[in-house]
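Structural characterization, general
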Amino acid sequence: MSPVLGVVLRILGISALVAGGLAVALAALVGTILLGPLMFWLAWNALDFASALGLPELGFWGILLATLFLAVGWVGKIVIAGVVFLVDPSWFHGAAEVRWPEPTFRNFVAFALLALLASRPQAHARKRSRRNEH
């Protein structure tokens, strides 16, 4: 095999490795972006956790905002609340009679899905890295 062909094959091999890594990272990012709202929709609308609490079902944008609200930190929650208030201030004047859900398995699964979405692994990772520094 000629040296030029060897160099070309090495470059192609590294390029394929980088492209494969980028494809896996992109697939993980897209999966995460799509999985969060899907989990929220499943818990809130499909499993009727909203009606179990006495709240209305949410549409597409409501699900996206609620998913973001559960997934982001404190500053993100303030920004989302501010945006909602600026876009539709009358939304905060709505009345709802929230009640404790019935202790059914369906409500437990819905609550577990929302709790899973609200748990932030990056917060746990920061705590571990602080412990390792000391």
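Here, every reference points to the structure presented above.
Parameters at a glance
- Residues numbered from 1 in each chain as written.
- Predicted model: local features only at pLDDT ≥ 70, side-chain atom pairs only at ≥ 80, totals over all residues.
- Heavy atoms only, no water.
- Phe/Tyr/Trp six-rings, centres within 6.5 Å; stacked < 30°, edge-to-face > 60°.
- Helix = DSSP H or I, 4+ residues; strand = E, 2+ residues; numbered from the N terminus.
- Buried < 20%, exposed > 50% of the residue type's maximum accessible area, 1.4 Å probe, protein only.
- Lys NZ or Arg CZ within 6 Å of the ring centre and 35° of its normal.
- Polar contact = N/O pair within 3.5 Å; in protein donor to acceptor, adjacent residues only side chain to side chain.

Examining the packing of aromatic side chains
Taken as a whole and assessed by the stated rule, the structure comprises four aromatic pairs. Judged by centre distance (5.6 Å) and plane angle (20°), the rings of F40 and W44 are stacked. Here the residue F40 and the residue W44 both occupy positions in helix α1 (residues 3-46), the gap between them amounting to four residues, near one helical turn. Each of the two residues, F40 as well as W44, counts as buried. By the ring-pair criterion, three or more aromatic residues cluster together here, those being F40, W44 and F49. Positioned above the aromatic ring of F69 is the side chain of K77, whose terminal nitrogen or guanidinium carbon lies 5.1 Å from the ring centre.

Brief notes about the side chain of T67
Structurally, T67 is set in helix α3 (residues 60-71). Among the residues examined, T67 registers a relative accessible area of 7% and is labelled buried. Among the polar contacts listed, one links the side chain of T67 to the backbone oxygen of I63, at a separation of 2.7 Å.

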